[in-house]
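# Per-entry structural report
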Amino acid sequence: MTNSELQTRRLAATPRGVGVMCDFYAQRAENASLWDVEGREYIDFAAGIAVVNTGHRHPRVVAAIAAQLECFTHTAYQIVPYESVVTLAERINALVPISGPTKTAFFTTGAEAVENAIKIARAHTRRSGVIAFGGGFHGRTMMTLALTGKVAPYKVGFGPFPAEVFHVPYPEALQGVTAADSLAAIARLFKTDIEPQRVAAIILEPVQGEGGFNVAPTELMQGLRALCDQHGIVLIADEVQSGFGRTGKLFAMEHHGVEPDLITMAKSLAGGMPLSAVSGRADIMDAPAPGGLGGTYAGNPLAVAAALAVLDVIEEEKLCARSVRLGEKLTMRLLAAKESNAGIAEVRAQGSMVAVELRDAAGAPDAEAVRRVQQRAMAQGLLLLSCGMYGNVIRFLYPLTIPDALFDRALDIIDDALKA
Ligand code: PMP
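Report follows, based on the coordinates.

Definitions and cut-offs
- Just so you know, the residues in each chain are numbered from 1, in the order the chain's sequence is written.
- Local features in this predicted model are restricted to residues whose pLDDT is 70 or higher, and side-chain atom pairs enter the listing and the counts only when it is 80 or higher, whereas totals over whole chains, interfaces and linings include all residues.
- Values reported for side chains reflect all heavy atoms of the structure, with hydrogen atoms and water molecules removed beforehand.
- Strands here mean DSSP runs of E at least two residues long; helices mean DSSP runs of H or I at least four residues long; both are numbered from the N terminus.
- Restricting the calculation to C-alpha atoms gives the radius of gyration, and the globule rule supplies 2.2 Å times the number of residues raised to the power 0.38.
- Relative accessibility thresholds used throughout: buried, under 20% of the residue-type maximum; exposed, over 50%; partly exposed, between the two (1.4 Å probe, protein chains only).
- Between two residues, a contact is recorded if the distance between any of their heavy atoms is within 4.5 Å.
- All accessible areas in this document rest on Shrake-Rupley with a 1.4 Å probe, and a residue is counted as covered only by the protein chains that are shown.
- The sign given to each residue is positive for Lys and Arg and negative for Asp and Glu; His and the chain ends receive no count.
- Charge placement uses NZ in Lys and CZ in Arg. For Asp and Glu, CG and CD serve respectively.
- Residues are counted as near a molecule or strand when any one of their heavy atoms sits within 4 Å of it.
- As used in this structure description, the phrase polar contact means that two N or O atoms lie within 3.5 Å; if the pair is within protein, one of them must be able to donate a hydrogen and the other to accept it, and residues adjacent in sequence are counted only when both atoms belong to side chains.
- Residue polarity follows a fixed list, in which Ala, Val, Leu, Ile, Met, Phe, Trp, Tyr, Cys and Pro are nonpolar, Asp, Glu, Lys and Arg are charged, and the others, Gly among them, are polar.
- A fitted line through C-alpha atoms represents every axis, and for helices the fit uses only the stretch in contact; the resulting angles, taken between N-to-C directions, go from 0 to 180 degrees.
- What sets the label is the angle itself: under 35 degrees gives roughly parallel, over 145 gives roughly antiparallel, 65 to 115 gives roughly perpendicular, and the rest give oblique.
- Crossings are sorted by hand: turned counterclockwise from the far helix by less than a right angle, the near helix makes the crossing left-handed, and turned clockwise it makes it right-handed.

Let us look at the overall build of the chain. Scanning the chain from N- to C-terminus turns up 13 helices and 15 strands. Here the chain has a C-alpha radius of gyration of 21 Å; the compact-globule value for 420 residues is 22 Å, and the two agree. For the C-alpha atoms alone, the extent of the chain along its principal axes is close to 60 × 55 × 45 Å. Among the 420 residues that make up the chain, the fraction classed as buried is 56%. Long-range pairs, those at least 24 residues apart, make up 71% of the contacts in the chain with a sequence separation of at least 6. For the chain, the computed accessible surface area is about 17500 Å², with 56% contributed by carbon and sulfur atoms. Each charge sign in the chain was given a centre, from 38 positive and 44 negative side chains, and these centres are 3 Å apart.

And the structure:
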């Protein structure tokens, strides 16, 4: 079957709402390389949207899934539990940057983790309001769409969304928005829309993913922590994209020395298997009554086995340190390119969560330039993703296990493509 034959069948069989970026079809993938059905090789700087930080089919992950496959694939954890979930919860509890007792509940997707974090915060506070940030992305279910701070394409035609969700601007140097502006917007919200005593949670991504890899200043985290402490609000860090070594720490919140109350995680937690989690302060996590949390597939045994192996790989291969090194190397190349390329408005990075924002001669967001760069990279076999409120940001999400030689080849392609 050729790519174009599959393309014809896809368009006839699946709805256009599931937007698909590539017009080629995956055959197999290994670490940072991916081959299509016609045998063409790509360097994968998408990593399944930040899901395979440990690479495609890491041998340890594959072996863990295979071993679990020999035992059982599903019992429904809420019906017949199994040890691996308890072990994974214990390991994550010890790793999350929250002091004091912590607990972890497992789900299947990132959106589901966010949904449940809001449920837990509401059950704990017995309040309804939630504050989120412009440009944020939290998922495609109704509550997470309400929280998501970008209308097109995510929210168009799907409202009304759950009530009591309020947005404030996320700090962005290029837009002239500071942490103080964000905090002032919350103070104003408390005057114009909702009293702090009715706010259950403030949720944010420590680094906005879909929103353009904007990195939260520590000043914002400190300000939010103080507000949450003052008013008894639950601070939720959505680390679905920024987690598991991507920013050079296991969790991006570790860069700030500020503790959230709850953390959502998914994507690279299980190296390609669908698994998500909410971790947090034990007293908050225990607020919902038995039966209030869960899901038929929540904590799927194959996915949990994969996650335990992923944690081993991150530790043994020192992937956080490698994330820092690779991120620095890429950032230096991008900053060097910026010297001679007026279209590069900003290079943003925290560890290996690296992005370039492109603007035209008039300073306007240049999504067209991003498409050109993506196409030129793709023609040379490098898969790049865009992001940003205006689609004018290129994000780099290579597996942290990428071989050095392949990484260097990708850097050369990026250099060349940016000239487009
Ligand atoms: N939160 C963040 C920060 C994300 O980046 C994403 C996915 N891009 C989600 C939530 C939703 O995750 P999922 O697509 O697995 O539902």
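The discussion continues.
Cis geometry marks the peptide bond from Ala152 to Pro153; its omega dihedral reads 0°. Mapped onto the elements, Pro153 comes out in the loop between helix H6 (142-147) and strand S6 (165-168). Along the chain, Gly159 connects to Pro160 via a cis peptide bond; the corresponding omega equals 0°. Within the secondary structure, Pro160 sits in the loop between H6 and S6. A positive phi angle is found at Ala47, which is not glycine, with a value near 50°. For Ala47, the location among the structural elements is in helix H2 (residues 47-50). For Ala47, a relative accessible area of 0% puts it in the buried group. Even without glycine at this site, Phe244 takes up a positive phi of about 60°. Mapped onto the elements, Phe244 comes out in the loop between strand S8 (234-238) and strand S9 (262-265).

Attention shifts here to the site of the ligand. Taken together, the neighbourhood of the ligand is formed by Thr109, Gly110, Ala111, Phe137, His138, Gly139, Glu205, Glu210, Asp238, Val240, Gln241 and Lys267. Here a nitrogen atom of the ligand and a side-chain polar atom of Lys267 are 3.1 Å apart. Against a free-state accessible area of 390 Å², the protein chains account for coverage of 83% of the ligand. Among the residues making up the shell around the ligand, the classes are represented as 3 nonpolar, 5 polar and 4 charged.

So, about the packing of helix H12 (residues 367-379) against helix H13 (residues 404-418). Two numbers describe how H12 lies on H13: the axes approach to 8 Å, and their chain directions differ by 135°. By the angle between their axes, H12 is oblique relative to H13. Considering how the two elements wind past one another, H12 and H13 form a crossing that is right-handed. Across the interface between the two elements, Val373, Arg376 and Ala377 from H12 touch Ile413, Asp416, Ala417 and Leu418 from H13.

Note that all results are geometric; they support no functional claim without further evidence.
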